[in-house]
Amino acid sequence: MAKVELKCTENGPILVMVDGKTTAALCRCGGSKNKPYCDGTHSKIGFKAEAKDIQVL
Ligand code: FES
């Protein structure tokens with residue numbers, strides 16, 4: 001079974017990692033024009049958030 005991890009990056013997107021490889025970057029700032037994916041807008045609008053790992057069962 002694949003190991004799936006979600007990593008909230010500091011001031012940036014949520015990285016979806018499968019078996020240690022990043023497979024997607026999801027927007028969590030709300031500003032992306034390509035939702036649900038991050039398009040880099042977070043850095044232009046000054047999005048601030050802590051880094052955090054989310055366990056996937
Ligand atoms: S987190 Fe990158 S555009 Fe929203």
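Treat the numbers as computed from the prediction; the structure is a model and nothing was measured.

*Asks:* Let's hear about unusual backbone geometry: which residues, and what values?
*Replies:* With omega at 10 degrees, the peptide bond leading from K35 into P36 counts as cis. Structurally, the position occupied by P36 is in the loop between β3 (21-26) and α1 (41-45). Here the phi dihedral of D19 falls at roughly 50 degrees; this positive angle occurs in a residue that is not glycine.

*Asks:* So, the sheet that holds strand β4 (residues 52-55): which residues are in play, and what are the values?
*Replies:* Spatially, 4 strands are ordered β3-β2-β1-β4 in an open sheet, and the strand pairing comes out antiparallel. Because the sheet does not close on itself, it has two edges, and the strands there are β3 and β4. Within this sheet the neighbouring strands show an average axis-to-axis angle of 25 degrees, counted without direction. In this structure, strand β1 (residues 4-8) lies alongside β4, joined through 4 bridges in antiparallel fashion.

*Asks:* Any details on the pairing of β1? Residues and values, ideally.
*Replies:* Pairing of β1 with strand β2 (residues 14-18) involves 5 bridges; the strand directions are antiparallel. Within the sheet, the bridge partner assigned to K7 lies in β2 and is L15. The loop that links β1 with its antiparallel partner β2 comprises 5 residues; one of these, N11, has a positive phi angle of about 60 degrees.

*Asks:* An account of the pattern of salt bridges is needed here, citing residue identities and associated values.
*Replies:* Under the criterion given, the structure shown has 1 salt bridge. Between K7 and D53 there is a salt bridge, with the nearest N and O atoms lying 3.4 Å from each other. Taken together, the positions of K7 in strand β1 and D53 in strand β4 put the pair 46 residues apart, joining distant regions of the chain. Judged by its relative accessible area of 51%, D53 is exposed.

So, how was this worked out
Residues numbered from 1 in each chain as written. Predicted model: local features only at pLDDT ≥ 70, side-chain atom pairs only at ≥ 80, totals over all residues. Heavy atoms only, no water. Helix = DSSP H or I, 4+ residues; strand = E, 2+ residues; numbered from the N terminus. Pairing = 2+ DSSP bridges. Axes fitted to C-alpha atoms, helices over the stretch in contact; angles between N-to-C directions. Salt bridge = Lys/Arg side-chain N within 4 Å of Asp/Glu carboxyl O. Buried < 20%, exposed > 50% of the residue type's maximum accessible area, 1.4 Å probe, protein only.

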